[in-house]
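Chains, contacts and geometry: an overview
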Amino acid sequence: MTTVHVPRDSAARSAGADEVAAAFARHPDVRVVRNGSRGMLWLEPLVEVTTDHGRVGYGPVTPDRVPELLDAIRAGADHDLHLGPVDDLPWMRAQNRICLARVGVTDPLSTTDYENHGGIKGLRRALDIGPEATVAEVTESGLRGRGGAGFPAGIKWKTVADTPGELKFVCCNADEGDSGTFADRMLLEGDPFCLIEGMTIAAHAVGATEGYIYIRSEYPDAVTTFRRAVDIAYAHNWLGEDILGRGLRFDLHVRVGAGAYICGEETSMLESLEGKRGVVRAKPPIPAITGLFGRPTVVNNVLTLASVPRILADGGTAYHKLGVERSRGTQVFQLAGNVKHGGVFETDFGISLRDLVEHHGGGTRSGRPVRAVQVGGPLGAYIPESGLDLPMDYEKFAEAGAMLGHGGIVVFDDTVDMAAMARFAFEFCAEESCGKCTPCRVGAVRGVEVIDRITGGEDPDANMALLNDLCDLMTDGSLCAMGGLTPNPVRSALLHFADDFTPRRATS
Amino acid sequence: MDVADRVLAVIEAHRHDRGALLPILHGLQAEFGYIDQSVIPLLAKELNLSRADVHGVVTFYRDFRSEPPGRVTVLLCRAEACQAVGAEELVAHAERTIAKIGQTAGNVTLDQVFCLGNCALGPAAQINGRLHGRLTPHELDAAIADQTREESS
Ligand SMILES: Cc1cc2nc3c(=O)[nH]c(=O)nc-3n(C[C@H](O)[C@H](O)[C@H](O)COP(=O)(O)O)c2cc1C
Ligand code: SF4
Ligand code: FES
């Protein structure tokens, strides 16, 4: 019997993994396991064959090549898709996988796999040491929110723990709306129990009995997998009335978004969970004190919560040893857009952007020169090629007028029109604004018009001044970061790519 | 079952959920393919909300359609990472050959989306819930044709 792993991650499926799995399953002496993806997405469908030397990779595999591939595997012969042991590939070796340790390795819905690969240890330890010490471990680890703002998780948890309340909530933000990000999705599909464990630890730490996860509707596979994982977790006493027989009670509900980017903003997400329009709430009060249905609520990103089990299992100090300055631990970077080797790459903070884009990413997919890189989603700045030496560190990015956000890195080659990207930033904001405040709602629409006038050659100087005023107004006058940070991509495009804003002659 | 009974069955399934309106709307859209204006009064009454509140929620979220879609719904990603690898060309092709974004022509509804989480394998699209990547205009046409065939068989 030959065991082959064929990912059922949705990116792998988009590259034909289901067809490949079906082609293997037609052979009676082949056992097919559907794992998550290792995150080397340019190699998908990446098939792994279990051998005496570990799991050997082949990719990208197409269904028509499965029979010859099986022949080669059985004969021990070479094959042009042969990659060698997957754990030894440079992309894998260069990483430090904590959050994604099991993603791509295990069967995502196997509780046995989960425990055999270190799962549930963190929760057991949290139960052993008690809520207060659990919060202390998270604080000690230096873990900061991975959703974008980088707020220290331990401080947030302590606030919720210290706020009295009969009913408290833990909410996981799985709205992952930023273009160029897909790590939350890969974890939801590839290691859902890790997130369930992280949320359960959070609940234990702060005294919450109910949890909600808000998954965006654009991720139907993630919703299906996570729902199944929740059912299995209940059946296995990892959720419910008496978790692990230790008297802990925690119920977890899966909710699906409805196509609004703004619902990734935490207060908008809470409104949406309450069944309302996703309009942003003014802060204070903060969700930690007055959150879902007015109760004390932890809101954390998927990767924040998925980092917690390991922190508890190994201790906060071990995690704090990784990284640089005030950016501790690892971050899951996502290489996207026009990049040769796109995928997820988890490593300690401090690695340079150039290292990620050029070395690991291999430059552009088109083979043309890199011109600009947008880090941190649609509200993140554009960084020119000359700026790629920036280390991946929250504060260093802030000093450079950029942001790490959720770790998405979108690469553009030299054919990109940066005035069009600046225009798109406003268009996106106009489309996705919750409408609560004028600078954002109206400013974004004006922004599109002003850029059109500039590139149309209509009084460029006056309109450029207007554009700057508009950016100031949005930065200063918006209630949340949607309107407040939209000037980031616009201003960075203007600053580094001014030539793109010169008037164009009509082409016809 | 008449329409009102089907609506009530969906509401009943979520009666005890906290903040049940979104799960109910998703349930109704799964049942009918869209949210018909005429269900709003019933929803409002059953959930003890005002009609204006329900209407406000239905219209706030892009997912909830006011009209039945075609048998095949194509969502094309237009976010930055897909733009970097030619998403706009794909959109132009689809608008030329199928329908304008937001419209239905024959069996096919074309719409846009901002990110499908397939940003390393763009340009991406979702066709009846299934993710596609690295799409050329030709592959998009083929994928739509496959899905159309599947839906009519
Ligand atoms: C417009 C906007 C969109 C956001 N989208 C997301 C998102 O999709 N996922 C996420 O985790 N955080 C998102 N955030 C950040 C959240 O508001 C919040 O800071 C985060 O969920 C807190 O969790 P963390 O501390 O673990 O990062 C967004 C913020 C803004 C302003
Ligand atoms: S800045 Fe924009 S998205 Fe944020 S609250 Fe104001 S209108 Fe809503
Ligand atoms: S930007 Fe298109 S899938 Fe993410």
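Just so you know, these numbers come straight off a predicted model, no measurement behind them.

1. Some details on the sheet that holds strand S7 (residues 210–215) of chain A
All names here are of chain A. The strand order across the open sheet built from five strands is S8-S9-S7-S6-S10, with neighbouring strands paired in mixed fashion. Pairing within the sheet leaves two strands with one partner each, and these edge strands are strand S8 (240–243) and strand S10 (297–301). With direction set aside, neighbouring strand axes in the sheet form an average angle of 25°. Here S7 pairs with strand S9 (residues 248–256) via six bridges, running parallel. Across the sheet, residue Ile 215 finds its bridge partner in S9, namely Val 256.

2. Some thoughts on the domain arrangement of chain A
All names here are of chain A. When its domains are assigned, chain A resolves into domain 1 (2–93), domain 2 (111–320), domain 3 (323–413) and domain 4 (418–501). Computed over C-alpha atoms only, the centres of domain 1 and domain 2 are separated by 33 Å. Approximately 620 Å² of surface area, both sides summed, lies buried where domain 1 meets domain 2, with 43% of it carried by carbon and sulfur atoms. When residues of domain 1 are sorted by the area they lose upon contact with domain 2, Arg 8, Asp 9 and Ser 10 head the list and together hold 56% of the total. If you look at where domain 1 meets domain 2, you find two salt bridges.

3. Focus on the interface of chain B and chain A
Contacts between chain B and chain A engage 39 residues on the former and 61 residues on the latter. Across the interface of chain B and chain A, roughly 3700 Å² is buried in total on both sides, 53% from carbon and sulfur atoms. At the boundary of chain B with chain A, the tally comes to four salt bridges. Linking A:Glu432 and B:Arg62 is a salt bridge whose minimum nitrogen-to-oxygen distance equals 2.6 Å. The interface formed by chain B and chain A contains 27 residue pairs in polar contact (both at pLDDT 80 or more). For the side of chain B that touches chain A, the secondary structure elements donating two or more residues are helix H2 (21–32), helix H4 (51–60), helix H5 (80–83), strand S3 (108–113) and strand S5 (130–132) of chain B. Broken down by element, the side of chain B that touches chain A gets its largest block of residues, four residues, from H2(B). Its residues placed into classes, the side of chain B that touches chain A shows 19 nonpolar, twelve polar and eight charged.

4. Topic: the site of ligand 1
All names here are of chain A. Residues in close proximity to ligand 1 total 19 residues, the closest being Gly 147, Glu 266, Asn 300, Asn 301 and Thr 304. Interatomic distance of 2.7 Å between a backbone N/O atom of Gly 147 and an oxygen atom of ligand 1. The contact in question runs from a nitrogen atom of ligand 1 to an N or O atom on the backbone of Gly 264, over 3.2 Å. Isolated, ligand 1 exposes 610 Å² of accessible area, and the fraction of that covered by the protein chains is 91%. Elements that contribute at least two residues to the shell around ligand 1 include exactly S10 and helix H20 (481–485). At three residues, S10 tops the list of elements feeding residues into the shell around ligand 1.

5. Let's talk about the confidence of the model for chain B
For chain B, the mean per-residue pLDDT works out to 96, and 100% of the residues sit at or above 70. Two summary scores accompany this predicted model of the complex, namely pTM at 0.97 and ipTM at 0.98.

6. Focus on the domain arrangement of chain B
A common way to express how large an interface is: the accessible area buried when the components associate. Each domain of chain B was delimited in the assignment, giving domain 1 (3–60) and domain 2 (72–152). Domain 1 of chain B and domain 2 of chain B are separated by 29 Å when their C-alpha centres are compared.

7. A short note on the packing of helix H8 (residues 153–162) of chain A against helix H10 (residues 192–206) of chain A
Residues and elements named next belong to chain A. Where H8 meets H10, the closest approach of the two axes is 8 Å, and the angle between their N-to-C directions is 45°. By the criterion of interaxial angle, the relationship of H8 to H10 is oblique. Across the interface between the two elements, Trp 157, Val 160 and Ala 161 of H8 pack against Ile 201, Ala 202, Ala 205 and Val 206 of H10. When the residues that make up the contact of H8 with H10 are grouped by side-chain class, the tally is seven nonpolar, no polar and no charged.

8. Quick look at the pairing of strand S6 (residues 169–174) of chain A
On a regular strand, each side chain points to the face opposite its neighbour's, so the side chains alternate between the two faces of the sheet. Residues and elements named next belong to chain A. Most of S6 is tucked away: six of the six residues are buried. The two faces of S6 match: Phe 169, Cys 171 and Asn 173 on one face and Val 170, Cys 172 and Ala 174 on the other face are all buried. In terms of strand pairing, S6 meets S10 through five bridges, oriented parallel. Residue Phe 169 lies in a different strand from S10, and its bridge partner there is Thr 297.

9. Topic: the pattern of salt bridges
Residues and elements named next belong to chain A. All chains considered together, the criterion is met by 46 salt bridges over all chains. A salt bridge links Glu 137 to Arg 125; the nearest nitrogen and oxygen atoms lie 2.6 Å apart. Of this pair, Glu 137 sits in helix H7 (residues 131–141) while Arg 125 sits in helix H6 (residues 121–129), and the two are twelve residues apart along the sequence. For Glu 137, a relative accessible area of 14% corresponds to the buried category. Overall, Arg 125 belongs to the partly exposed group, its relative accessible area being 26%.

10. Here's the deal with the environment of A:Tyr114
Residues and elements named next belong to chain A. When you line up the elements, Tyr 114 lands in helix H5 (residues 111–116). On the accessibility criterion, Tyr 114 (2% relative accessible area) is buried. As a C-alpha pair, Tyr 114 and Arg 102 span twelve residues in sequence and 7.9 Å in three-dimensional space. Sequence-distant contacts of Tyr 114, defined by excluding residues within four places in its chain, comprise Arg 102, Gly 119, Ile 120, Asp 191, Phe 193, Cys 194, Glu 197 and Trp 238. A distance of 3.5 Å separates a polar side-chain atom of Tyr 114 from the backbone nitrogen of Cys 194.

11. A short note on the packing of aromatic side chains
Scanning all chains against the criterion turns up 15 aromatic pairs over all chains. Judged by centre distance (5.6 Å) and plane angle (55°), the ring pair of A:Tyr114 and A:Trp238 falls under tilted. On the criterion of sequence distance, the pair formed by A:Tyr114 in helix H5 and A:Trp238 in the loop between helix H11 (220–235) and S8 is long-range, its members being 124 residues apart. In this pair, the class of A:Tyr114 matches that of A:Trp238, namely buried. Joined through ring pairs, the aromatic side chains of A:Tyr261, A:Phe424, A:Phe428 and B:Phe114 make up one cluster. Positioned above the aromatic ring of A:Tyr219, the side-chain terminus of A:Arg216 is 5.0 Å from the ring centre.

12. Focus on the packing of helix H17 (residues 418–432) of chain A against helix H21 (residues 487–496) of chain A
Residue and element names in this part refer to chain A. Where H17 meets H21, the closest approach of the two axes is 8 Å, and the angle between their N-to-C directions is 165°. Relative to H21, the element H17 lies roughly antiparallel. Along this stretch, H17 crosses H21, giving a crossing that reads as left-handed. Contacts from Met 418, Ala 422, Ala 425 and Phe 426 of H17 reach H21 at Pro 489, Val 490 and Ala 493. Its residues placed into classes, the contact of H17 with H21 shows seven nonpolar, no polar and no charged.

Reading the values: rules and limits
The numbering scheme is per chain: residues are counted from 1 as the chain's sequence reads. Chain labels run from A onward and ligand labels from 1 onward, assigned in the order the entries are written. Given that this is a predicted model, residues contribute local features only at a pLDDT of at least 70 and side-chain atom pairs are listed and counted only at 80 or more, while totals for whole chains, interfaces and linings are drawn from all residues. Water and hydrogen atoms play no part in the side-chain values, which are based on all heavy atoms of the structure. Only strands joined by at least two bridges in the DSSP assignment are considered to pair. Helix numbers and strand numbers start at the N terminus; a helix is a DSSP run of H or I with at least 4 residues, a strand a run of E with at least 2. Working convention: axes come from line fits to C-alpha atoms, limited for helices to the stretch in contact. Angles between N-to-C directions cover 0 to 180 degrees. Domains are outlined according to an automatic or database domain assignment. Accessible surface is computed with a 1.4 Å probe, and the buried area is the amount of it that two parts give up when combined, taken over both parts together. Think of a salt bridge as a Lys or Arg side-chain nitrogen and an Asp or Glu carboxyl oxygen that are within 4 Å of each other. Residue contacts are counted whenever heavy atoms from the two residues lie within 4.5 Å of one another. Counted as a polar contact is a pair of N or O atoms within 3.5 Å, where, for protein atoms, one must be capable of donating a hydrogen and the other of accepting one, and residues adjacent in sequence contribute only when both atoms are in side chains. Under this grouping Gly is polar, as are all residues other than the nonpolar Ala, Val, Leu, Ile, Met, Phe, Trp, Tyr, Cys and Pro and the charged Asp, Glu, Lys and Arg. Residues are classed as near a molecule or strand on a simple rule: at least one heavy atom within 4 Å of it. Per-residue and other accessible areas follow the Shrake-Rupley method at a 1.4 Å probe size, with only the shown protein chains counted as cover for residues. How sure the predictor is of each residue is captured by pLDDT, a score from 0 to 100. Our angle categories are set so that under 35 degrees counts as roughly parallel, over 145 as roughly antiparallel, 65 to 115 as roughly perpendicular, and the remainder as oblique. Burial classification: accessible surface area is computed with a 1.4 Å probe over protein chains only, and a residue below 20% of its type maximum counts as buried, one above 50% as exposed, and the rest as partly exposed. Pairing of aromatic rings covers Phe, Tyr and Trp, the last through its six-membered ring, and needs centres within 6.5 Å; plane angles under 30 degrees mean stacked, over 60 mean edge-to-face, and all others mean tilted. Lysine NZ or arginine CZ positioned within 6 Å of the ring centre and within 35 degrees of the ring normal marks a charge as sitting over the ring. Left-handed describes a crossing whose near helix is turned anticlockwise from the far helix through less than a right angle; right-handed describes the clockwise counterpart.

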